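Analysis of the macromolecular model
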Amino acid sequence: DENMITTCITDSSIFFPEDAEGTVSVFSAGDEARGVTERGLKYSLTNADLTNDYPIGVSNSFKGAASKITVKNGSLFVVFPIEAKCRIVFEGGKR
């Protein structure tokens, strides 16, 4: 979809501001991503392990709060609306 951006984060976090809107999806970029946490979204996830054959981070929603997605060990593909592009902040690791 041309209205979405896909980025990859490794052993790091990505932050979205409280005015972010739409859906955000998270997928393991390798066989497994460990210590995945999603805060400030419609569905929270705490220290979960994601695999590339069982996606549990699909079609989450921003809910009007600052939000953060973190992976402690591994890489995640993060898909989000293009409108949030200039308002995200990366922390640690690689992107």
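Above this text is the structure in question.
Read on for an overview of the structure. What you see is a predicted model; the values in this text were computed from it and never measured. (Residues numbered from 1 in each chain as written. Predicted model: local features only at pLDDT ≥ 70, side-chain atom pairs only at ≥ 80, totals over all residues. Heavy atoms only, no water.)

1. Some details on the pattern of salt bridges
Pairing between side chains of opposite charge can happen when the charged atoms of each approach one another. Taken as a whole and assessed by the stated rule, the structure comprises two salt bridges. In this structure, Glu32 engages Arg34 in a salt bridge whose closest nitrogen and oxygen atoms are separated by 3.0 Å. Assessed through its relative accessible area of 35%, Glu32 is described here as partly exposed. Take Arg34: its relative accessible area is 41%, and that puts it in the partly exposed class. Of the charged contacts, one joins Arg34 and Asp49 as a salt bridge, the two residues approaching to 3.5 Å between their closest N and O atoms. Taken together, the positions of Arg34 in strand E4 (residues 32-39) and Asp49 in strand E5 (residues 45-51) put the pair 15 residues apart, joining distant regions of the chain. Among the charged side chains, a salt-bridge network with shared partners connects Glu32, Arg34 and Asp49. (Salt bridge = Lys/Arg side-chain N within 4 Å of Asp/Glu carboxyl O. Buried < 20%, exposed > 50% of the residue type's maximum accessible area, 1.4 Å probe, protein only. Helix = DSSP H or I, 4+ residues; strand = E, 2+ residues; numbered from the N terminus.)

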